[in-house]
Amino acid sequence: MSDGPQRFSGEVWRIHEFGPPDVMRLEEIEVSTPETDEVIVRVHAAGVGPWDGWIRSGNSALPQPLPLILGSDISGVIVAVGRGVDHLQIGDQVYGVTNKRFCGGYAQHAVAKASMLGKKPPSIDHVAAASLPVIAVTAWQALFDQAGLVQGQTVLIHGAAGNVGAFAVQFAKHAGLNSICTASSEDIERVRSLGAGRVIDYKATRFEDEVHDVDAVMDFVGGESQTRSFNVLKRGGTLISAVSKPDQALAERHGVTARFFLVDVSTESLRRISTLLDENALEANVGVKIPFEQARDAHLMLEGQLPRPKGKIVLVVDPT
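Only a predicted model underlies this, so the values are computations on that prediction, with no experimental measurement involved.

What counts, and where the lines are drawn
Residues numbered from 1 in each chain as written. Predicted model: local features only at pLDDT ≥ 70, side-chain atom pairs only at ≥ 80, totals over all residues. Heavy atoms only, no water. Pairing = 2+ DSSP bridges. Helix = DSSP H or I, 4+ residues; strand = E, 2+ residues; numbered from the N terminus. Right-handed = clockwise from strand over helix to strand, strands pointing away. Domains from an automatic or database assignment. Contact = heavy atoms within 4.5 Å. Buried area = accessible area lost by both parts, 1.4 Å probe. Salt bridge = Lys/Arg side-chain N within 4 Å of Asp/Glu carboxyl O. Polar contact = N/O pair within 3.5 Å; in protein donor to acceptor, adjacent residues only side chain to side chain. 1 Å grid on protein atoms, 1.4 Å probe; cavity = no way out; pocket = protein on both sides within 12 Å on 5 of 7 lines; lining within 4 Å. Points joined across faces, edges and corners; volume = space filled by probe spheres on them. Nonpolar A, V, L, I, M, F, W, Y, C, P; charged D, E, K, R; others polar. Phe/Tyr/Trp six-rings, centres within 6.5 Å; stacked < 30°, edge-to-face > 60°. Axes fitted to C-alpha atoms, helices over the stretch in contact; angles between N-to-C directions. Parallel < 35°, antiparallel > 145°, perpendicular 65-115°, else oblique. Expected span 1.5 Å × (residues − 1). Buried < 20%, exposed > 50% of the residue type's maximum accessible area, 1.4 Å probe, protein only. UniProt positions renumbered as here; feature names shortened; annotations may be inferred. Core = buried A, V, L, I, M, F, W, Y, C linked by side-chain atoms within 4.5 Å.

By the bridge criterion, four bridges tie strand β10 (residues 178–183) to strand β11 (residues 198–201) in an arrangement that is parallel. Pairing of Ile180 across the sheet is with Arg198, part of β11. With helix α5 (residues 188–193) bridging β10 and its parallel neighbour β11, the resulting β-α-β unit is right-handed.

Here we come to the domain arrangement of the protein. When the parts come together, some accessible area is lost, and that loss is often what is quoted as the size of the interface. Domains assigned within the protein are domain 1 (8–133 + 264–316) and domain 2 (147–260). Each of domain 1 and domain 2 has a C-alpha centre, and the two are 28 Å apart. If you look at the interface, domain 1 gives 13 residues, while domain 2 gives nine residues. Interface area lost by domain 1 to domain 2 is led by Leu282, Glu283 and Lys310, which between them contribute 46%. At the boundary of domain 1 and domain 2, one finds two salt bridges. Linking Glu283 and Arg190 is a salt bridge whose minimum nitrogen-to-oxygen distance equals 3.1 Å. Counting every contact that joins domain 1 to domain 2 gives four residue pairs in polar contact (both at pLDDT 80 or more).

Glancing now at empty space enclosed by the protein. Counted by the stated rule, this structure contains one cavity of 30 Å³ or more. Roughly 50 Å³ of volume is contained in the largest cavity. Together, Ser131, Ile135, Asn163, Ala166, Phe167, Gln170, Arg190, Glu283, Asn285 and Lys312 line the largest cavity. Broken down by element, the residue count for the lining of the largest cavity peaks at four residues, all from helix α4 (residues 163–174). In terms of residue class, the lining of the largest cavity is made up of three nonpolar, four polar and three charged.

Before going further, it helps to spend a moment on the packing of aromatic side chains. This model, assessed by the stated rule, comprises three aromatic pairs. Through a chain of ring-to-ring contacts, the aromatic side chains of Trp140, Phe144, Phe167 and Phe171 assemble into a single cluster.

Our next topic: the packing of helix α3 (residues 133–146) against helix α9 (residues 267–278). Where α3 contacts α9, the two axes come as close as 10 Å, and the packing angle between them is 100°. The orientation of α3 with respect to α9, classified from their angle, is roughly perpendicular. Contact residues: α3 offers Pro133, Ala136, Val137, Trp140, Gln141 and Asp145, while α9 offers Ser269, Leu270, Arg272, Ile273 and Leu276.

Right, let's talk about α9 for a bit. Since the α-helix turns once every 3.6 residues, residues separated by three or four places project in the same direction. In a regular helix each residue adds 1.5 Å, so 12 residues correspond to 16 Å; α9 covers 16 Å between its end C-alpha atoms and thus fits that length. Buried within α9 are the following residues: Thr267, Ser269, Leu270, Ile273, Ser274, Leu276 and Leu277. Next to the buried residues of α9 lie β6 (93–97), β8 (117–119), α3 and α4. Looking one or two residues beyond α9, the residue adopting positive phi is Asn280, at roughly 55°.

All right, on to the UniProt feature "domain: Enoyl reductase (ER)" (unreviewed entry) in the protein then. Residues annotated by UniProt as "domain: Enoyl reductase (ER)" (unreviewed entry) correspond here to residues 19–315. A helix fraction of 28% and a strand fraction of 29% characterise residues 19–315, whose end C-alpha atoms lie 21 Å from each other.

Attention shifts here to the environment of Ala281. Mapped onto the fold, Ala281 is located in the loop between α9 and β15 (286–291). Overall, the relative accessible area of 26% leaves Ala281 in the partly exposed class. Along the backbone, Ala281 and Arg198 are 83 residues apart, and their C-alpha atoms lie at a distance of 19 Å. Setting aside its immediate chain neighbours within four residues, Ala281 contacts Gln170, His174 and Leu276.

Let us now look at the nonpolar core. Counting 92 residues, the largest nonpolar core has Val39, Tyr106, Leu143, Ile157, Phe171, Met218 and Leu315 as its most contacted members. The residues that make up this core include at least three from each of domain 1 (8–133 + 264–316) and domain 2 (147–260). For Leu315, the contacting residues outside a window of four places in its chain are His44, Ala45, Ala46, Val48, Tyr106, Ile290, Pro291, Phe292, Ala295 and Ala298. Listed in part, the 15 residues of the second largest apolar core include Ile200, Leu233, Leu239 and Val256.

Moving on: the pattern of salt bridges. Pairing between side chains of opposite charge can happen when the charged atoms of each approach one another. This structure, assessed with the given rule, holds 15 salt bridges. Across the pair Lys100 and Asp264 runs a salt bridge, and its minimum N-O distance is 3.1 Å. Placement of Lys100 in the loop between β6 and β7 (109–113) and of Asp264 in the loop between β14 (257–260) and α9 is noted, with a sequence separation of 164 residues between them. Taking relative accessible area as the criterion, Asp264 reaches 40% and is therefore assigned partly exposed. One salt-bridge network, in which partners are shared between bridges, spans Arg206, Glu208, Glu224 and Arg228.

And the structure:
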């Protein structure tokens, strides 16, 4: 526990109203002593995800009182520790998620729940670490916690070249699952290189004409792909979506389980990811690094108003 009151000042990207990227304001604030189960992290890098854009525009699935600091995925160094924190200490290099509201991360000093942070693997830098927490844990939980897949079962992974899908492909290979993946023609070789058993060009082939009786479908795309996926599941199979709530009437008609879930990032879930990183069994994919001061550009990329490379967008907060 930290002794006495502490103050940490720094810049943050905050919004006072919901709207397009121009509602984002770079402001100086002071962060006080952390509360129970909280730490203060001097942020080196912050990941940018589509959920940041949903929160900014007022389309979050969770209540988001204003004003708020955007961002959830962080990597950095702990500078203060609150009560009840026994697995982390000042000086630890950590990565993870700020809190269950997924806000507070675009900051030079971020307040974060200690129970949602883990020690950063020494094998990766802060930029790579900040790209991982939400997407990697989402992929893991979809396959194993939600679908309960075990070695030898077959899974269809939609959006396999996307940020979440790419981790699902790697986890599936590591766990001995038989994976069938959908991707566009330009991404087929990359998805194969990640360990996919079979890759279908979804623009050239209707996957339901080629795939039958799979144990589970991982939906990281939504829309029509989700609806059509009921046709490829065996009875008793499972459809898991990290995008939208599946049609329960369709699920009942096909005799399968279908559900949407929100990721639950924890120290334990990050420990699994860290172990695989240390074993060189996972490959991160940072698409573009953007200086912290240009965070609006990252959101313009999310909106399609600026060109966006494939892979994760990461803000470089502290280059040192």
